[in-house]
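Take a look at the letters that make up each chain.
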Amino acid sequence: MSVVHETVEAGKLLLAGNEAVALAAAHAGVRMATGYPGTPSTEVLQTLAEYGDRRIALGWAPNEKVALEVGAGAAYAGARALVTMKHVGLNVAADPLVTSAYTGVRGGFVVVTADDPGMHSSQNEQDSRHYARLAGLPMLEPSDSQEAYALAREAFALSERFETPVLLRMTTRVCHCKSLVEPAPPEELERRYGFQRDIPRFVMVPGNARKRRVVLEERLARLRDYCEQTGLNRVHGDGAAAAFGVVAAGVASQYVRETAPGVPVLTLATVWPLPLARIAEFQRQVGDLLVVEELGDFLLTEIRAAGIPARGKAAPFRLGELNPDRVRAILEGTPEEPPPVPADLPPPRPPVLCPGCGHRSVFSVLKKLDLIVMGDIGCYSLGALPPLSTLDTCLCMGAGVGLALGIERVADEQEARRVVGVIGDSTFFHSGMTGVLDAVYNGSRGTLLVLDNRTTAMTGGQDHPGTGRRLDGTAAPQADVAAVCRGLGVRDVRVIDPYDRAGLERALREATAGDRYSVIVCRRPCLLAERPREVRRFVIDAEACRDCGACLRTGCPALEPADGFVRISEALCRGCGLCAEMCRFGAVREVQCP
Amino acid sequence: MPVSEATNVLIVGVGGQGVLKAGQVLADALVACGHDVKQSEVHGMAQRGGSVVSEVRWGARVFSPLAPWGAADFIVVLDDVEGRRAAPRLRPGRGRLVSLPAGPESGLADRRCRNMAALGLLARYLSVPVEVWHDAIRRALPPVTHESNVAAFEAGRRHDPDGADHAASVG
């Protein structure tokens with residue numbers, strides 16, 4: 001459903017934070033929006049695509065670094081530009097980000113970074129606020145969708161006023177929770193876009209950069225004044241009767257306001273630079289100052305460093321995301337977690353590969369050959385979970401390629417031949433290609449599997465350079481993993497259907513035994529992205545089934561243990577036939593579709 | 001410290017059952033009634049068949065998007081295991097599990113509309129006008145499915161879990 005889906009109450013929209021940011025960008029006259037999919041940031045660009053303003057140049061970038069550079073270029077040319085990514089994506093984009101603080105921008109440039117406290121769908125829970133301090137960039141942080149809308153609008157204005165990129169920090173609960181938004185009138189910008197030469201400003205060679213370093217410090221001083229004055233940092237509640245006051249930011253301030261309505265809360269929208277004079281004044285009013293923030297003590301450390309007396313939360317609450325119960329414990333000064341979840345609940349339901357997923361097929365072969373598998377970020381990370389348990393690492397985007405090369409370089413011959421890299425197609429284009437170049441350049445004899453399912457599946461099926469479609473739905477040239485690898489100098493490139501497990505096993509045996517770098521592209525579209533025209537049908541003969549459990553060890557959700565045998569769920573089965581190959585008793589039989 | 005004034009509903013199930021769509025319809029209907037509403041859901045790896053929970057909170061003013069533990073007024077159950085997992089979050093003494101019986105006795109023509117049928121059952125306890133519900137369903141779903149989903153909602157609304165004529169009403 002589209003963000004412009006109006007509710008009955010005039011003028012107010014029920015929007016997720018990501019949708020609110022998209023709407024704000026459109027209303028701020030954004031002309032360029034790009035990014036790389038990553039939970040919880042993905043819906044910002046998808047919503048902008050649904051919004052359908054053809055004046056906005058939209059596109060998924062191959063990775064966050066490219067996205068940030070494209071956005072900065074548009075902003076250099078005077079356009080308002082938006083770039084979105086998840087927190088770990090900001091690491092990829094950090095190089096252009098930090099130096100773009102030196103050059104500054106002409107058009108408003110807003111970089112959305114979506115942190116994932118609690119790691120709902122991430123490999124770490126890093127706190128992006130540190131990037132604002134590191135780079136000397138202003139950072140705004142909303143606490144709900146209304147603020148997401150208002151702060152995104154403000155971020156564009158702020159960026160132009162101070163000629164600086166602005167970071168908009170979101171977190172999972174702000175990105176994905178819906179609340180009411182009252183939009184403001186859209187801006188109509190009458191501008192011509194183009195680049196005006198200014199070599200001392202935009203060419204960051206040392207002589208110029210030293211001068212821009214001074215500009216950056218002067219700008220930060222002016223930004224501090226802005227943050228002290230702005231009405232975006234607000235006190236909620238009356239401090240007269242309260243025993244203490246709270247400084248909070250982001251969704252944490254909503255938890256505090258709900259849990260302790262009588263306690264005055266200074267909610268910070270500008271988390272960098274901090275309005276330290278304002279905080280000091282608030283502390284003098286309330287006396288006892290408690291800082292409530294998600295993750296580490298970023299605010300608390302700065303506030304104390306400024307000589308403002310303040311206390312924070314107990315150590316356990318620095319890990320994971322906050323919620324009303326944990327915030328209650330923090331407000332009450334309890335060092336322990338709130339009452340734990342009862343012990344007799346059903347076991348957690350871990351995420352699994354879909355029935356019929358080509359990845360399961362690949363992992364069944366890798367498991368059979370007992371290989372050491374350097375994994376990557378994507379659905380195939382699930383290959384690490386039992387019963388497959390056939391993925392040995394998951395570090396970051398692209399690491400499946402590099403980790404395998406590193407082990408190969410130091411391990412003995414026999415061990416080195418057991419190491420393979422596994423990476424998806426979107427991840428390959430994101431940052432796997434450069435690893436392959438290293439493999440060729442430095443003479444690797446290793447093997448890489450590219451699981452090419454023609455989509456960015458884990459984040460919900462976004463397009464990428466290999467899908468032949470763009471974010472706005474238009475057709476695009478289709479990058480071919482095999483051709484790219486050949487172009488990078490890989491001599492042994494094979495393309496195989498992962499359902500052909502015998503062929504894959506043969507290819508893997510040859511590749512791992514060979515003396516040159518090999519890439520095996522396992523090509524089969526994601527079942528969620530493309531429904532196959534024909535699906536094979538299998539049933540298990542209860543008489544022939546010995547209930548040995550071999551089929552169940554594939555981890556396929558379509559297999560249901562019954563009384564003394566295993567049943568195939570007709571509703572879930574997608575006909576990959578893996579269970580039939582696993583069965584030594586011929587109990588799994590293919591039947592003709594009616 | 002005071003207990004939250006908001007009314008809290010959890011809709012629980014697994015990926016593919018329409019948990020999020022049901023949450024969207026409920027939240028939309030409540031907004032149409034003039035409430036402040038917050039809705040929370042988990043995305044991402046939930047798509048790969050994990051547990052899915054949509055929390056909908058409403059009242060004169062709602063701050064937190066998440067309900068505190070033990071504050072759920074209703075838990076709409078689309079999957080029994082998930083229902084058991086969520087049950088301890090019910091408000092002690094007052095909270096209520098809302099679940100349709102499985103199988104044909106629920107009177108559902110189309111299993112895919114089970115989420116709307118469960119909302120129909122929830123509707124018995126909420127003072128949201130029936131036309132507001134129907135409008136919210138139509139806004140959330142593609143036109144070709146309107147008839148079957150509204151029918152499922154009505155089947156759920158007619159289903160009487162206790163055999164009582166009148167359910168207590170909140171919200």
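Here is what the cut-offs are and how they apply
Residues numbered from 1 in each chain as written. Chains lettered and ligands numbered in written order. Predicted model: local features only at pLDDT ≥ 70, side-chain atom pairs only at ≥ 80, totals over all residues. Helix = DSSP H or I, 4+ residues; strand = E, 2+ residues; numbered from the N terminus. Buried ≥ 20, exposed ≤ 12 C-beta atoms within 10 Å, placed from the backbone. Contact = placed C-beta atoms within 7 Å. Pairing = 2+ DSSP bridges. Axes fitted to C-alpha atoms, helices over the stretch in contact; angles between N-to-C directions. pLDDT = per-residue confidence, 0-100. Nonpolar A, V, L, I, M, F, W, Y, C, P; charged D, E, K, R; others polar. Expected span 1.5 Å × (residues − 1). Parallel < 35°, antiparallel > 145°, perpendicular 65-115°, else oblique. Left-handed = near helix turned anticlockwise from the far one by under 90°. Core = buried A, V, L, I, M, F, W, Y, C linked by C-beta atoms within 7 Å.

1. Some remarks on the overall build of chain B
Broken down by element type, chain B carries five helices and five strands. Taken from the N to the C terminus, the helices and strands of chain B come in the order β-α-β-β-β-α-β-α-α-α. Looking at chain B as a whole, 53% of its 171 residues are labelled buried. Counting contacts in chain B only where the partners sit at least 6 residues apart, residues at least 24 apart contribute 68% of the total.

2. As for the sheet that holds strand β7 (residues 166-171) of chain A
Residues and elements named next belong to chain A. In space, the seven strands of this open sheet follow the order β3-β2-β4-β5-β7-β6-β12, with mixed pairing throughout. A single partner strand is all that each edge strand has here, and the edge strands are β3 (57-60) and β12 (270-272). The pairing of strand β6 (residues 139-140) with β7 spans two bridges and is parallel. When the sheet's bridge partners are listed, Leu 140 is paired in β7 with Leu 168. On the sheet, helix α3 (residues 64-76) packs against β2 (32-35), β4 (81-86) and β5 (109-115) and is oriented at approximately 165° with respect to β4.

3. Some thoughts on the confidence of the model for chain A
Averaged over every residue, the pLDDT of chain A is 95; the share at 70 or more is 98%. Counted against residues more than four places away or in other chains, residues 1-9 of chain A, with its pLDDT under 50, gives 22 contacts.

4. Concerning unusual backbone geometry
Residues and elements named next belong to chain A. Cis peptide bonds are those with omega within 30 degrees of zero, and the linkage from Thr 39 to Pro 40 qualifies with 10°. Here the residue pair Pro 386 and Pro 387 is connected by a cis peptide bond, since its omega of 5° sits within 30 degrees of zero. Within the secondary structure, Pro 387 sits in the loop between β14 (372-374) and α16 (399-410). Notably, Glu 163 is not glycine yet its phi reads approximately 50°, a positive angle. Checked against the element boundaries, Glu 163 lands in the loop between α7 (145-162) and β7. Residue Glu 163 is classed as partly exposed on the basis of its C-beta count, with 17 C-beta atoms lying within 10 Å. You will see that Arg 454, though not glycine, has its phi angle at about 60°, which is positive. Checked against the element boundaries, Arg 454 lands in the loop between β16 (447-452) and α19 (481-487). The class for Arg 454 is buried, based on 22 C-beta atoms found within 10 Å.

5. Topic: the interface of chain B and chain A
A common measure of how large an interface is: the accessible area buried when the components associate. Contacts between chain B and chain A engage 36 residues on the former and 40 residues on the latter. Within the residue set of the side of chain B that touches chain A, elements represented by two or more residues are α1 (19-32), β2 (36-41), α2 (80-86) and α4 (130-140) of chain B. Here the residues of the side of chain B that touches chain A sort into 17 nonpolar, 11 polar and eight charged. The pairing of strand β8 (residues 178-181) of chain A with β2(B) spans two bridges and is classified as antiparallel.

6. A word on α1(B)
Residues and elements named next belong to chain B. A rise of 1.5 Å per residue sets the reference length of α1, with its 14 residues, at 20 Å; its end C-alpha atoms lie 20 Å apart and thus fit the reference within 8%. Summarising burial for α1: 13 of the 14 residues are buried, a large majority. At the exit of α1 stands Gly 34, carrying a positive phi of roughly 90°.

7. Observations concerning the environment of B:Gly120
Residues and elements named next belong to chain B. Relative to the helices and strands, Gly 120 resides in helix α3 (residues 114-123). What makes Gly 120 buried here is the crowd of 26 C-beta atoms within 10 Å. Distance from Gly 120 to Ala 151, taken between C-alpha atoms, is 9.6 Å for residues 31 residues apart in sequence. When residues no more than four places from it in sequence are discounted, the contact partners of Gly 120 are Ala 152, Phe 153, Glu 154, Ala 155, Gly 156 and Arg 157.

8. Description of the packing of helix α1 (residues 17-27) of chain A against α7(A)
Residue and element names in this part refer to chain A. Packing of α1 against α7 leaves a shortest axis separation of 8 Å and a crossing angle of 30°. The pairing of α1 with α7 is recorded here as roughly parallel in orientation. Handedness of the α1/α7 crossing: right-handed. Together, Gly 17, Ala 20, Val 21, Leu 23, Ala 24, Ala 25 and His 27 of α1 and Ser 145, Ala 148, Tyr 149, Ala 152 and Arg 153 of α7 make up the contact between the two elements. Class assignment for the residues of the contact of α1 with α7 results in eight nonpolar, three polar and one charged.

9. A short note on the nonpolar core
Counting residues in hydrophobic clusters, the biggest one holds 160 residues, and the most contacted among them are A:Ala25, A:Leu168, A:Val247 and B:Val76. It is α1(B) that provides the largest number of residues to this core, a total of 10 residues. In this view, A:Ala25 contacts A:Val30, A:Ala33, A:Leu48, A:Leu82 and A:Ala152; residues no more than four positions away in its chain are not counted. Counting 52 residues, the second largest nonpolar core, distinct from the first, contains A:Val365, A:Leu382, A:Ala399 and A:Ile520.

10. Here's the deal with the sheet that holds β16(A)
Residue and element names in this part refer to chain A. Across the sheet, five strands lie side by side as β14-β15-β16-β18-β17; this open sheet has parallel pairing. Pairing within the sheet leaves two strands with one partner each, and these edge strands are β14 and β17 (492-496). If you compare each strand with its neighbour and ignore which way they point, the axes differ by 25° on average. Strand direction decides the pairing type here: β16 and strand β18 (residues 518-523), joined by six bridges, are parallel. Considered in β18, the bridge of Thr 447 is made with Ser 518. Relative to the sheet, α16 contacts β14, β15 (419-424) and β16, its axis offset from that of β15 by approximately 170°.

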